[in-house]
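What follows is the residue order along each chain.
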Amino acid sequence: MLRMGDVNGPSGILSQATRLRDSGELEQAERLLRHLIRLYPGDADGWHLLGLVRHDRLDYADAHRCLVRALELAPDRAILYRDLGTIHLDAGLFGEALDNLQQAVHLAPHDAGLHHSLGLVLLQYGNLLGARLRLQQAIRLEPRSVEAWFHLGLCCQQQGDLESALVCFRRVSELRPDHPEAPAHVRRLNGLLAQRGDAA
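Residues numbered from 1 in each chain as written. Predicted model: local features only at pLDDT ≥ 70, side-chain atom pairs only at ≥ 80, totals over all residues. Heavy atoms only, no water.

Visitor: Explain the overall build of the chain residue by residue, including any values.
Guide: In terms of regular secondary structure, the chain is built from 11 helices and 0 strands. Ordering the α and β elements of the chain from the N terminus gives α-α-α-α-α-α-α-α-α-α-α. Its C-alpha atoms give the chain a radius of gyration of 21 Å, more than 25% over the compact-globule value 16 Å for 200 residues. Seen along its three principal axes, the alpha-carbon backbone of the chain occupies a region of about 75 × 30 × 25 Å. Out of the 200 residues in the chain, the part that is buried amounts to 45%. Restricting the contact set of the chain to residue pairs at least 6 apart, pairs at least 24 apart contribute 47%. Carbon and sulfur atoms make up 51% of the accessible area of the chain, which amounts to about 10,400 Å² in all. Considering the chain, the positive charge centre built from 22 side chains and the negative charge centre built from 25 side chains are found 2 Å apart. (Helix = DSSP H or I, 4+ residues; strand = E, 2+ residues; numbered from the N terminus. Rg over C-alpha atoms; globule rule 2.2 N^0.38 Å. Buried < 20%, exposed > 50% of the residue type's maximum accessible area, 1.4 Å probe, protein only. Contact = heavy atoms within 4.5 Å. Areas by Shrake-Rupley, 256 points an atom, 1.4 Å probe, with all protein chains shown as cover. Lys, Arg positive; Asp, Glu negative; His and termini not counted. Charge placed at Lys NZ, Arg CZ, Asp CG, Glu CD.)

Structure (structure tokens):
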């Protein structure tokens, strides 16, 4: 049972709401967060977390409203643009999601995860050159990012650059020998490149 008196101040409420969200108790988390923003209407973190909970509950319109309010209160937080981009993506609003992620990267240009996220969106929607540039930047910033190497491999493969794709998937296998997909990509690309060599 949720007892509002169990926590003191915004940080305590946010901690409890985060724990509730993490354990899947979304209704309880939402109730607590709505209580928080009634008490502290200028708390950007409260609006942000409420937006994430509403997103978890698949109410994209209300999630959007909460994230926009958080951004009004904290317009320089890259993570808010990233999360608003995720909401827009899930709502099928690619243009808006792209704008949000580009703004996030602008605000935090040294955040490898943001470059990776933007690269994934570009890859998903067929902008292979843009995706490749963003994923390469993510790797420059975080050279041991298995996921960035893997997605760069997929991007190179879609571009027809099989040699570069093979380098990427081999790197994934080096960084994470138990990766579930990289070895199959390496075998397939080795086969394709061998066929290409035989044809030449």
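Back to the text.
Visitor: Can you tell me about the environment of Q157, naming the residues and giving the values?
Guide: Along the chain, the position of Q157 falls in helix α9 (residues 146-159). A sequence separation of 11 residues divides Q157 from C168, and the C-alpha atoms of the two residues are 9.8 Å apart. Those residues in contact with Q157 that lie beyond four places of it in its chain are L162, A165, F169, H185, R188 and L189.

Visitor: Outline the packing of aromatic side chains, supporting the account with residue identities and numerical values.
Guide: Applying the stated criterion across every chain yields a total of 2 aromatic pairs. Seen in terms of ring centroids, F150 and F169 are 5.5 Å apart; in terms of plane orientation they differ by 65 degrees. Their pairing is edge-to-face. Of the two residues, F150 sits in helix α9 while F169 sits in helix α10 (residues 162-175), which places them 19 residues apart along the sequence. There is no split in this pair, since F150 and F169 are both buried. (Phe/Tyr/Trp six-rings, centres within 6.5 Å; stacked < 30°, edge-to-face > 60°.)

Visitor: Before we move on, can you summarise the environment of L189 with the specific residues and values?
Guide: Along the chain, L189 falls in helix α11 (residues 182-199). For the pair L189 and D62, spaced 127 residues apart in sequence, the C-alpha to C-alpha distance is 45 Å. Among residues more than four places away in sequence, those in contact with L189 are Q157, L162, A165, L166 and F169.

Visitor: So what's going on with the pattern of salt bridges? Residues and values would help.
Guide: Under the defined criterion, the tally for this structure stands at 16 salt bridges. One salt bridge connects D161 with R132, and the closest N-O pair in it is separated by 3.0 Å. Note that D161 is positioned in the loop between α9 and α10 and R132 in helix α8 (residues 128-141), a separation of 29 residues in sequence. You can call R132 buried: its relative accessible area is 17%. Because the salt bridges share partners, they merge into one network encompassing E30, R34, R54, R57, D59, D62 and R65. (Salt bridge = Lys/Arg side-chain N within 4 Å of Asp/Glu carboxyl O.)

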